[in-house]
Each structure stands twice: as C-alpha cells, then as structure tokens.
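# Observations on chain architecture
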Amino acid sequence: MTWSEMQPLLAQACQETLVMVGWSTVIAVVVGLPIGVLLVLTDRGGLLQNTPVNKVLGQIVNIARSMPFIILMVALMSFTRWVTGTTIGSEAAIVPLAIGGIPFFARLVETAVREVDGGLVEAVQAMGGNTWTIVRKVLVPEALPSLIASTTTTVIALIGYSAMAGTVGGGGLGDLAVRYGYQRFETGLMWITVAVLAVAISVIQFAGDYAARTLHRRGGRSGPGPKLRLLKAKEPAAADISKVA
C-alpha cells in the first residue's frame, strides 16, 4: 500500500478517534467530577458525612473500574443500541468509552480533592461559607492543577480504550490497525498507526503537564483567593498605678 493510499485512511481514522475520545472525555469529566467531590464530602469527617451513601457510591465506582473495557463494551451493547441505534462505529463507541471513563476520572478527582489543605476549608467555614461555597471557592480551585493532570491521564486512558474498541468495529485508529495491519498484513500501515498514537499521547501528556505546572505556580487559582483578616488578641490593660497604695 502506497502513502497516497494510506493518507485518506489515516485521516478518517484520526478524525474518528478524535470524536470518540473528545466526547467521551467531556462526558467523563462532567459526570465524574461531581461524583469524585461527593465521595470526599460524604466520607467520614466530610462536610456532608453520610456513610451509607459513600459506601454505595464507592462500591459502584469500584465495580465499574474493575471491569475490563472489552467486557464492559460487550455488556453495554444493548444499552448502546438503545442510545445510538447501533453497536458499531465511532458514535456507538462513545457510550462504553464514557461509561468506562467516568469511574476512572471520579477516583482521580477524589484523590486530588483530598490533597486540599483542610485549613483553607476551616477558614471559609469560619467566615460563614456553606458547602457549595467551599466546593466552588476552595476545593475545586485549589485542586485544579491535580484535576488537569487527572484529565490528562483520563484522555490517555481513553485513547487506549478507543484503540481496543476498534477490535470490535468501533472505528478509529484501532480499527484501522486491525483491518489493514493485521487482517490484510499491511505491516507498514500498522507501524504508522502506532507512531501516530505515540505522538498523540506524547503531545497530550506534554500539554497536560505544562498546564498543571503553570496553574501550580499560580497557586491553582484563576483569581485572587479570599482574604482572611486575623484578629489580634487584646493586650491586657495596664494596671492603674495611681490605685496602688
């Protein structure tokens, strides 16, 4: 196969992979972020301590994370068909990719939020801040560098999942490598596909690390943090010497 024949195949496969990973990442972040924060808030000693809710939610996340993606994809075929009307192609692959990415990202969010200094939370509480204010003004902004790194890790994991989805007709670079590189013995195309995936992952990792480092140097905030006024204790009044005999 010549390079001119490979180009349109690679372009289409890259576009399909971009669509799959992009949409599944958006869904995983939008759904996984509140789940991860809720796991912290409902834990023992949390602002919304609720042991039953925390245990049930944690078990659901653990079960979803422990399931191999290829099995998850097969198990969700009926649900995927109900959502998209088909079980093959890049649109159908978004469903299992998103569902597999949600618990993965949620646990990373939980770890990132737990690293936030508890003293900041106590300070906002002392100023009368409620739970929503603490989440919006302290937990998420302070954990933002770690959240960016978690998103980067999730994107890279979803790229690997998308390549796996190609083995069952999910489209993208994985499907291209299987259909042409493996079944038609186009070894050159397979290695080009591997190189494209390696370059894409390296670029994403570099961009994520750079963004996380930049935010970390700025203190993880997009704006100035709340100013705390420290109250000085009053000095004891001096004894009235005139009253001393």
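## Some words on the confidence of the model for the protein
Taken as a whole, the protein shows an average pLDDT of 83; of its residues, 89% reach a score of 70 or greater. The spread of mean pLDDT over the elements of the protein runs between helix α9 (residues 172-182), the lowest at 81, and helix α5 (residues 90-114), the highest at 93. Under a pLDDT of 50 for its full length, residues 220-245 has, in the predicted model, 14 contacts with residues more than four places off or in other chains.

## Quick look at α5
With 25 residues, α5 extends 35 Å from end C-alpha to end C-alpha; this agrees with the ideal 36 Å at 1.5 Å per step. Extensive coverage of α5 is indicated by the burial of 19 of its 25 residues.

## Re the side chain of S24
You can see S24 is positioned in helix α1 (residues 3-41). A distance of 3.1 Å separates the side chain of S24 from the backbone oxygen of V21, its partner in a polar contact. Sequence-distant contacts of S24, defined by excluding residues within four places in its chain, comprise I94, L97, A98 and L158.

## Overview of the nonpolar core
Counting residues in each nonpolar core, the largest one holds 22 residues, and the members touching the most others are F69, L97, L176 and L189. When residues of this core are traced back to their parent elements, those giving at least two are α1, α3 (69-75), α5, α8 (144-165), α9 and α10 (187-217). Tallying contributions element by element places α1 first for this core, with 6 residues. Counting residues in each nonpolar core, the second largest holds 16 residues, with V37, V109, V135 and L147 among its members.

## A few points about empty space enclosed by the protein
Evaluated as defined, the whole model comprises 1 cavity of 30 Å³ or more. Here the largest cavity defines a volume of roughly 100 Å³. Residue lining of the largest cavity: 13 residues in total, with M73, T87, A92, P96 and V168 positioned closest to the centre. The set of elements that each furnish at least two residues to the lining of the largest cavity consists of α4 (77-84) and α5. Broken down by element, the residue count for the lining of the largest cavity peaks at 3 residues, all from α5. Looking at the lining of the largest cavity residue by residue, the classes come out as 8 nonpolar, 5 polar and no charged.

The rules behind each value
Residues numbered from 1 in each chain as written. Predicted model: local features only at pLDDT ≥ 70, side-chain atom pairs only at ≥ 80, totals over all residues. Heavy atoms only, no water. pLDDT = per-residue confidence, 0-100. Helix = DSSP H or I, 4+ residues; strand = E, 2+ residues; numbered from the N terminus. Contact = heavy atoms within 4.5 Å. Expected span 1.5 Å × (residues − 1). Buried < 20%, exposed > 50% of the residue type's maximum accessible area, 1.4 Å probe, protein only. Polar contact = N/O pair within 3.5 Å; in protein donor to acceptor, adjacent residues only side chain to side chain. Core = buried A, V, L, I, M, F, W, Y, C linked by side-chain atoms within 4.5 Å. 1 Å grid on protein atoms, 1.4 Å probe; cavity = no way out; pocket = protein on both sides within 12 Å on 5 of 7 lines; lining within 4 Å. Points joined across faces, edges and corners; volume = space filled by probe spheres on them. Nonpolar A, V, L, I, M, F, W, Y, C, P; charged D, E, K, R; others polar.

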